[in-house]
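# Report on the structure
These are the residues of each chain, in order.
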Amino acid sequence: MSRIGKQPVKVPSDVKVTICSNTVNIEGPKGKLIQAFHPDINIELNQQDMQVFVKRRSEDKYHKALHGLTRSLIANMVLGVTKGYTRNLEIVGLGYNAKVQGNELVLSLGYTHPVRLEIPKGIKVEVTNPTNPGRLAISGPDKQVVGQFSAVIRGMKPPEPYKGMGIKYDNEIIRRKAGKAVSSGSA
């Protein structure tokens, strides 16, 4: 049995869980998440202990993988609607900046035009410092959407290894290169 999959997911008292066939609906103070899972995985809610149990139908390798994945996704959903997820980005570069205009994130990244990204529904973007180094905080209840939107923003201008300019995660370490050395001898 999967070591992760056999552990029950504890549901806090302020979270409401509804299971309908293979679809899990979780509602909490930070939002509401709905996820459909594989039909070969059985998901059960114990009302007395407020725990979600995930069980698989067979000992097949594929079902074992689905078992642990399903339990992890449900645990992430419960954590997302209670505490939420946050990814912090740092924008480094002269003239690079970010601002939120309505439902769009506008980035000036040294291109001839500003880059406009539509903010996904349920995601909150805060610009704590708009200029060098700019800081963004992307937060929301869905871990996948927060991570994907952060990756899209970072992909607009990945950090380069010579000067470190670009968009990077706040905990990301950029391996720097020395660059070309100036020769002092005459040819």
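The notes below deal with the structure included here. What you see is a predicted model; the values in this text were computed from it and never measured.

Next up on the list: the nonpolar core. With 19 residues, the main nonpolar core has Leu 107, Leu 136, Ile 138 and Ile 153 as its most contacted residues. Those elements that place two or more of their residues in this core are strand S7 (85–92), strand S9 (104–108), strand S10 (115–118), strand S12 (134–140), helix H2 (143–156) and strand S13 (166–169). Looking at this core element by element, the count peaks at 3 residues for H2. Every residue in contact with Leu 136, bar those within four places of it in the chain, is listed here: Arg 87, Asn 88, Leu 89, Ile 91, Ala 98, Leu 105, Leu 107, Val 125, Glu 126, Val 127 and Ile 153.

Looking now at the pairing of strand S8 (residues 97–101). In terms of strand pairing, S8 meets S9 through 5 bridges, oriented antiparallel. Directly across from Val 100, in S9, lies its bridge partner Leu 105. Taking the residues between adjacent antiparallel strands as the criterion, S8 and S9 are bridged by 2 residues, where Gly 102 takes a positive phi near 65°.

Before going further, it helps to spend a moment on the sheet that holds S13. One open sheet accounts for 4 strands, arranged S11-S12-S7-S13; its pairing is antiparallel. Each edge of the open sheet carries a strand with a single partner, namely strand S11 (124–129) and S13. Taken over all neighbouring pairs, the strand axes of this sheet differ in orientation by 25° on average, direction set aside. In the sheet, S7 pairs with S12 via 7 bridges, with the strands oriented antiparallel. Considered in S12, the bridge of Tyr 85 is made with Gly 140.

Spatially, S2-S3-S4 is the arrangement adopted by the 3 strands of the open sheet, whose pairing is antiparallel. Only two strands of the sheet have a single neighbouring strand rather than two, namely strand S2 (16–20) and strand S4 (31–36). Strand-to-strand twist of the sheet, defined as the mean angle between neighbouring strand axes without regard to direction, takes the value 10°. Strand direction decides the pairing type here: S2 and strand S3 (residues 23–28), joined by 5 bridges, are antiparallel. What sits directly across from Lys 16, in S3, is Glu 27. With respect to the sheet, helix H1 (residues 61–82) is in contact with S3 and S4, its orientation differing from that of S3 by roughly 20°.

Taking 1.5 Å as the rise per residue, H2 with 14 residues should run 20 Å; its terminal C-alpha atoms sit 20 Å apart, in good agreement. All buried positions along H2 are accounted for by Val 146, Phe 149, Ser 150 and Ile 153. Relative to the axis of H2, the buried residues are bounded by an arc of 100° and lie together on one face. For H2, exposure combined with an orientation more than 90 degrees from the buried face picks out Gln 144 and Gln 148.

As for its placement among the helices and strands, Ser 150 is situated in helix H2. A distance of 2.8 Å separates a polar side-chain atom of Ser 150 from the backbone oxygen of Val 146. For Ser 150, the contacting residues outside a window of four places in its chain are Arg 87, Leu 89, Ile 138 and Tyr 169.

Analysis parameters
Residues numbered from 1 in each chain as written. Predicted model: local features only at pLDDT ≥ 70, side-chain atom pairs only at ≥ 80, totals over all residues. Heavy atoms only, no water. Core = buried A, V, L, I, M, F, W, Y, C linked by side-chain atoms within 4.5 Å. Buried < 20%, exposed > 50% of the residue type's maximum accessible area, 1.4 Å probe, protein only. Helix = DSSP H or I, 4+ residues; strand = E, 2+ residues; numbered from the N terminus. Contact = heavy atoms within 4.5 Å. Pairing = 2+ DSSP bridges. Axes fitted to C-alpha atoms, helices over the stretch in contact; angles between N-to-C directions. Expected span 1.5 Å × (residues − 1). Arc of directions from axis to C-beta. Polar contact = N/O pair within 3.5 Å; in protein donor to acceptor, adjacent residues only side chain to side chain.

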